[in-house]
Structures are given as structure tokens and as C-alpha cells.
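Reading the structure
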Amino acid sequence: MLSNRPLGRLANAVPAFACLIILACASSRMASAQGIYAVVGNDLITARLGESGTENGGAVTGRFSVSDPRTRATIMYGPTVDRVGVSGGVNVPGSFVTVRIDGGVAGGGQDLIFGDIVTGVWLLPPTELNGKIIARWGTLPGAVALKPVPPIEVTVEISLVHDVVSYRFTIINGIVDTIPPTFGTGAHTVGLRFAQNFAKDTLQFENEGPVILSDGGQVSTEVALTGASVPRFWKVFDSGALNPIGGVLRPTPSDSTFIAPDELLFSSANILSELWDHTPVLIPGFNFTKDAWDAAAAVFFNPAVIAPGASREIITYFGRQDTTIDFTRPWAAGIDARGTLDLIDVVPTPKPTPIIGFVTNQTDVILTNVNATITLPKGLALAAGETATKSSATLDPGGEARFNWSVLPTGDASGRLTYSVAFAAGPGTLGKVITRSIDIPALPTQTFQGGLQMVSFPETFADPTPAAALGLSVNDFGLLRWNPAIGQYQAVSRLVPGEGYWLSLAASKTVTLKNASPIPVGSQPFEIRLQNGWNQIGNPFLRIVNWSDVQVLTSDAVDPNYLKSLSIDQAAAAGLIQSAIFRYDTTDQSYKFDPTTNTDLVPFVGYWVKALKSNVSLLVSPPPISRAARAAVTASNGTNAGTRANNWKLSIIASSAGVTDAANYIGLASNAVDGLDKNDIEKPPAAKQGLSVGLAGSAQSGRAGVLAQDIQQANGLRKTWNLLVTTPTPKQDVTLSWPDISTLPRGYELFITDSATGQRRQMRQTPSMRINTGDASTRAFVITAEPRTGAAVFALNLQTRSSRAANATTIEVGSTQDATLAVRVKGSSGQTIRTLTGRSASLGNSATYVWDNRDAKGSAVAAGAYIIEVTGTTSDGETRRVAQPLVIVR
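The structure presented is a predicted model; accordingly, all values stated were derived computationally and were not measured. (Residues numbered from 1 in each chain as written. Predicted model: local features only at pLDDT ≥ 70, side-chain atom pairs only at ≥ 80, totals over all residues. Heavy atoms only, no water.)

1. Some words on the sheet that holds strand S25 (residues 324–326)
Put simply, the test is: DSSP calls a pair of strands paired once it identifies at least 2 bridges connecting them. The helix and strand labels rest on DSSP assignments: H or I over at least four residues marks a helix, E over at least two residues marks a strand, and numbering proceeds from the N terminus. Axes here refer to lines fitted to C-alpha atoms; in helices the fit is confined to the stretch in contact. Angles between the N-to-C directions go from 0 to 180 degrees.
Here five strands make up an open sheet; going across it, the order is S25-S26-S27-S31-S29 and the pairing antiparallel. In the strand order of this sheet, the two ends are held by S25 and strand S29 (380–382), each with one partner. Averaged over all adjacent pairs, the angle separating strand axes in this sheet is 25°, with direction ignored. As judged from the three bridges shared by S29 and strand S31 (residues 400–409), these two strands associate in the antiparallel manner. Bridge pairing links Ala381 to Leu408 in S31.

2. Overview of the packing of aromatic side chains
Put simply, the rule is: What counts as a ring pair is set by centres within 6.5 Å for rings of Phe, Tyr and Trp (its six-membered ring), and what kind of pair is set by the plane angle: stacked under 30 degrees, edge-to-face over 60, tilted for all other angles. For every residue, the accessible area (1.4 Å probe, protein chains only) is compared with the maximum for its type, and the residue is labelled buried under 20%, exposed over 50%, or partly exposed between those bounds. Two conditions define a charge located above a ring, namely a distance within 6 Å from the ring centre to NZ of Lys or CZ of Arg, and an angle within 35 degrees of the ring normal.
Evaluated as defined, the whole model comprises 32 aromatic pairs. With a centroid separation of 6.4 Å and an interplanar angle of 75°, the aromatic rings of Trp482 and Trp608 are classed as edge-to-face. Taken as a pair, Trp482 in strand S37 (residues 477–483) and Trp608 in strand S49 (residues 606–611) lie far apart in primary sequence, 126 residues in all. Looking at Trp482, the relative accessible area reads 16%, which means it is buried. When the centroid spacing of 6.4 Å and the interplanar angle of 45° are considered together, the rings of Trp502 and Tyr591 count as tilted. Here Trp502, found in strand S39 (residues 500–505), pairs with Tyr591, found in strand S47 (residues 590–593); they are 89 residues apart in sequence, far enough to count as distant. For the pair Trp502 and Tyr591, one class covers both residues: buried. Here the aromatic cluster, defined as three or more aromatic residues joined through ring pairs, consists of Trp482, Tyr489, Trp502, Trp534, Phe582, Tyr584, Tyr591, Phe593, Trp608 and Tyr665. Taking the ring centre of Tyr37 as reference, the NZ or CZ of Arg48 above it sits at 4.0 Å. A cation over a ring is seen here: Lys649 above Tyr665, with NZ or CZ 5.6 Å from the ring centre.

3. A look at the sheet that holds strand S52 (residues 653–656)
What the four strands build is an open sheet, ordered S53-S52-S59-S62; its pairing is antiparallel. Only two strands of the sheet have a single partner each, and these edge strands are strand S53 (659–661) and strand S62 (768–772). Taking the axes of each pair of neighbouring strands and ignoring which way they run, one obtains an average angle of 20° across the sheet. For S52 and S53, the ladder comprises three bridges, and the chain directions are antiparallel. Its bridge partner being in S53, Ser656 is matched across the sheet by Val659.

4. A closer look at the confidence of the model for the protein chain
To be explicit about the condition: As a per-residue measure, pLDDT tells how confident the predictor is, with possible values from 0 to 100. A contact between two residues is defined here by any heavy atoms of the two lying within 4.5 Å.
On average, residues of the protein chain score 84 in pLDDT, and 86% of them reach the 70 mark or higher. Note on residues 698–703: pLDDT is under 50 here. Beyond four places in sequence and across chains, it has 20 contacts.

5. So, the environment of Asp569
Within the secondary structure layout, Asp569 lies in helix H4 (residues 568–573). The exposure class assigned to Asp569 is partly exposed, which follows from its relative accessible area of 34%. Along the sequence, Asp569 and Thr596 sit 27 residues apart, while their C-alpha atoms lie 9.2 Å from each other. When sequence neighbours within four positions are dropped, the list of residues in contact with Asp569 reads Gln218 and Thr597.

The following block contains the structure:
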């Protein structure tokens, strides 16, 4: 945040030379053979900041590093890393911060390294004090003759929150730690770039990638995420899918003072040889999940104007990324626990699992009455002798209080269970509630509701015939499966793990699988072979597996990806599969899908996946039991997906007789094309004859088939979508709606046209419409997106012509957008004489009114001066008003 006030804590600090003496006495430094560091650590994580010296031929000064004291693994490199024998015998520079001043070198300013002692000086060398590292570095004003360096001071405070390192930077326009303080005469723009080397393939810690983003996306090659695309966090696992590390970028969305970074860049270790501006990697096949490449990240806080004596504060985090934490000051709180249990933890005898709650005091005062209360859902219970509330009488500044519970799975529920811990501390009554999830393996006894549902059975059976495996009479259920080879449903003769089925039950039943054995979790993934077309699949394991963790393999020898293990996104880009999968929602009896890959494959649930070629397989492996459960992320399918005027997505919903088809989307995206691409999602075969909405392909695309999502290119041109509504019986009433129309940007006006009647409606003005499917049980519509001109500026123009001979006045109104008009004739004192309504105008089409020069009662108005006032209203509620004088002559 920016402040125009001097930084109080620093401005009133002890003079710099006194600080050095005091802090030196209390400091903790580590001296190696080459370099000197300040170090702070606990039993989970260690952070250090270099003061001076060299290591492996590289400067230690101003280098940041993080390590794990339990495994002695370095997880963010500070000094230069000697990569000889690992990646071709090169030295990779360490992690550091760039201070960009007044546009950087290219803009006539400077790009300086925090801690550099050529263009700057340590005002306070990196020093450990009360569990924190504090360092102050300032520029040497005028150090560069051609581009004089202004006085800028940067302070960093490094502290620990359980297993995460907090970096709090403060930028000051001036040098506070001099006597007297040095301030320049003008404002300067200053930003920070934190380059982080998390290079893999060390002997102790192997980050194999890909990078997992908070929205479920994956990154394995160079990408720059900016603005709203910057994730809340990112993490990467080692070769065993364990030991996550990464950054936390948006930890406190409710904290109005928190500044999120402007950009997150992932690339090779070349980032660490740059100061700010990045040169893209142009090497074909670059992929930092491969052994030949090292990975790095850069977090950018773009330059902002800072007035003389003012300051800007920036916070970012890096660490183990295996806990759930609320970092909001004055104290942080979180939960550290396993995210997944194995079947052996539940049956035959439930085994206790530890849950740790913690509070970290980020203030300079002692906290009192620190307590934590755990609340557990059905399926979890406290072990005997445990109490829900734990407490600590006091907590010193910088200290951490830990609260331990022993929790048992009861077997009453499985799947992803969410629990919470409520924290409180004094002084004051501030409290926090932290939630976290744990995946409990599914049990052989499951309750299935009555009606139609898509299911799977993650077991192998001694007798796989459905009746024997389910322990049901053949008259109690129906079981069908889609055969893509013939395009029809067929009866199921045997149950196979990894397959999905349609199950029909007359009433709810609790089913105990007979003579069933779970698929063993081993070093080899479970293979699900797909046929070309739509396939019904299921999770073959008893634990939740995220769709983004599934790998795709093609055994087609002529395919360039032959026998390569690809991620879902990579396989979709290669044209092997459609990345989005569908499930069947029994509540509204319709399909649902997640446009991202962050979908959990839940045991006993069935899913649709489309293979775009033959000889494609899915490789499924459950996550290690010590890995945390993936944070639940719900995609906002129905809301505006873009941040620019030409980037949006709109849901089209059909409902009839209690049944809804809601997963249908049209929209525009800058990375889309009008033809079929990764943004377009095909719809699976219908579960049964019922209500259905489909996008039949536009004239631009020339595509066939039915889409659930059709995203076209955002190029400012007119777009159309063909919509088909189908009901199971003729002459059925259906309500079509688009409830999120108000969220769309104003760059386009949307219309829906009935193909049978030609009736055209503005969708912003009509958020829903009731239709009847007629004798054919279908109704076709065309949705048109008309671009608005003039950068969506709404304006009216008005012209009037009075004819004495005709005793009438002609009023013509033009508009830059579609608008409903109201025309009022007012007297010289402002009173309304006559109102003319019911017309509309649009770009290229004027609305014409003829006023007969009479008032509302039909009497001729007297000669004199009048005012013609026109008010226009667009479909999204924007209004404009224009007025023009008129003289009536008799």
C-alpha cells in the first residue's frame, strides 16, 4: 500500500549506527568459508539472507534462500548453485530481488539488486533479532553518472509462519536511516521483482513439476500470468508427489491492505540472469518438468509512484505449501494435517491421525488467552480423552503456539470431509476460523439413491456379474453402458474397475459389494483404455483422484507423442482427448462440467470423457497418503470470465417440469478461434430422452455436433450461435434464461431470434423467455452478439424540423447503440406539454417522430419557444439525455 506519511516506525527508529551496535549483540549470523548470512529457523523451515562474500563463484550479498531442516534439502536457492554434473556443468544464479526505479535501464532509470554494494549500501546488514531477519539497504544517490540514482531505501523483514517464510518489503522514497534523513525533491516510480530459484534435480530434493496452480491448472513450460490470472498460490511436488514447495500470492483476499503481485512468470533458470525484462525461451520442446531443465519463478510488483518521504509495503510468501494458513495480521493461524487417509487407516480398526492447529504472533506484544476449538464433521471423531478446545495462556512476540488433536475416522462417512478450527487471542476479541479437508477412502458399503445416476465400482470381484457383485436381484436395478463403437447403450454383463455405468433404481438402496477387493496402490498407475469417442469412466481407486493428476498415453506408433506420458492439458493440446469431463447431477437431472482440469474423480461416481483418437489410455494413480487434499475450487462457469470488453462467457439455462439443463455457455475469448478448439466443449450422449439444450455450431465454424460450450474469437466482429431446445414430449413449455447477462461488458449487444417466427429480442432487456417446443418437440434459436461502436460509448443525436404549412414538427433521433427512446415536449418554464414514446433507435437506424404541435389534451399549442427533450436507455440500463430548443410560428 502507498502512504504519503513518513514511515513512522523507521523514521522514529534508533539512529543507524546505534541500531548496528544493538542488533549486532543480539544477532545470529552463519559464516561459511565464503559468505556470511543472517539465519532464522524453526523445526520445519529455515530462511537466510546473505550479507557479504561469495559462494560457488557467485555473490552472497542480497541472496535469499529457504531450506528444510528435517531433510536438509534446499528448496529455494540463495547463492549461486554449482550444477556441474547435473545439467551440463553450469552455475545457476541464486534468488534475489530487483529494485526497478523510474522505468529501469531501458526507461532512463535503474534496475538495481537489493543488497548490491556498488550502487548501494547496507544501512543495516541482514541481522536476526527476536526470530526475524531485518535488513535495510539504500541506494548511493548519484552513484551512476549518466543516470544518477535517487535516494531509495528498501527494508525487508523476514519472519516464519509455521512452515512458510514471510517477506515484508518496505520501499521508501528517501533514506531514513541517515542523520539527518535524506529525501529527494521529487516523486519516483519504484517496483520489485523477486526471482526465486527452485531448481530441481538436486541430490536431496527433486522438484519434478509440473507447477500446480490454485485453480487446478498446470504449468510445465514458460508462461506469464498477469492481473486477475495470477493465482492465489502455486506449488510443485517432488518426484514422489510429496514435499510440496511454492509461493503464496493472494493469501488474504479479505485484507484490503494486501497488494497482490502484478505478474507471475515461470521459466527456466535464465530468469536468474535477468534483472527485470524477460527474454522468452525460444528453444523447441522447452519443458521444465524434464531433467534437462531447471525451473525458476519471478514475482513482479510493478513500479508505482512514491512521493518524497512516502513508503510502499509489499508482502509475499514462499515455503512448504503443505498447510492451510490465514496470514492476516496481527497474528496468523493455520492447520497442519494429513490430507488423505488410506483404507488401512479406516478398516478394520480406525487408526488415529494427528491434526495440529497453530497461532503465530506477528505483533510486538504478548498475546493472551490463545485458544483453538476444533469442529469435526460426520465421519471424524476425537480420540478418547481428547477435548475440542486447547489453550495457551500467553504467546510471546514472534512465537508459535501449537494445539494437537488426535482424530479417528469413524467409518460413518467417506470422501472429502471438511473440518474447521476456530482460533481466538487477546488482547481484544479477534478470532479466525480455518477450514481444511481430508480425503477418507470409500467403503464397500454405499447408499445409492433411487432413480437414474452415473456410477462406477472401484473394486475387483470374485464374480463380476452385476447381480452377484452388488448383491441385488436382477429385478431391483438396471445397468447400461455406452458403446462408442456403435453409438448406443448396451446392457452390462460384468463390472470392471475404471468403467462408468448408468444405474437405475426404483428406490434408494444400501449396497454392500460382495467378494470385492480394492485395486492395490502400487508403483504402476491403473490404465483405463479409451475408445475413439465418448467413454464412461470411473475412479478405479477408493481414494479421490484429481483429474489434473491423471496422465494420458497414446499407443499409436505414428503419433508424435507415442508412449509419452502427457498431462490432461498437454493431451488436449495434442488432440488426444477433450480436457473437460462431465458428471450427471441427480438433483436437477442434467450434466455438469468443470472447464478447468480441477475436477475430483470421486469413488463410485461415473464420468464422461471424450477420446479424439483411437489407442488412447488414461493412467490413474491416487495421491500419496501424506499429501494434502487438493483445495476445493469451484469454477464460475456462468459468470463473466474475462476482464476486457471482448472477453466474456454467458450461461444459457433451460428448465421444464422440474428438470434443468444449465451447463451451456457461449462467449468470446482472445485465445479462441471461431472453429473448434480447446475452448469448445462437446456434450456427451443424453442419459435418456429428456430436456436438452445444445449449441449446434455456427456458420463461422462449420462444425457439426452438439456443444455444451462454444467460445468464439474475440476480434470485435459480429458472432452467432445456433441454439436447439429439445423436450421428451411435444408441445412442452420451457423457460430459457440467461441470468448473468448483467455481468457482461458493454462491448456487445446480445439478441435472441426465434428461427420459426423471426421474433428478435434484446437479451439484456429480457433475461428469460417462455417457449413451447410444438409438435416437433424442438425449437431453434439464433443468438447474435452485435459489437457496439465507439468503444461502447453511448450517445444520442437530435434533429428537429418544424413545418408551418403542415402545422407539424419532425423529430429524428440517432443512437450509437440500441436504445429505447422517450421524447418529451416541454414549455419554456419546463412543464411537460406532450410525451412521445414507444420507439427505438440503433446505429445506422434513426427513429422518427412526428409531433402534430398539439398538447396532451389535443389542443394546438400557442406560438412560442419550446424544448424537445429525448432520453435514451440501453438494455443494460445506461441512459443519455439530449435537448434542443424549438420555435413554433403561427
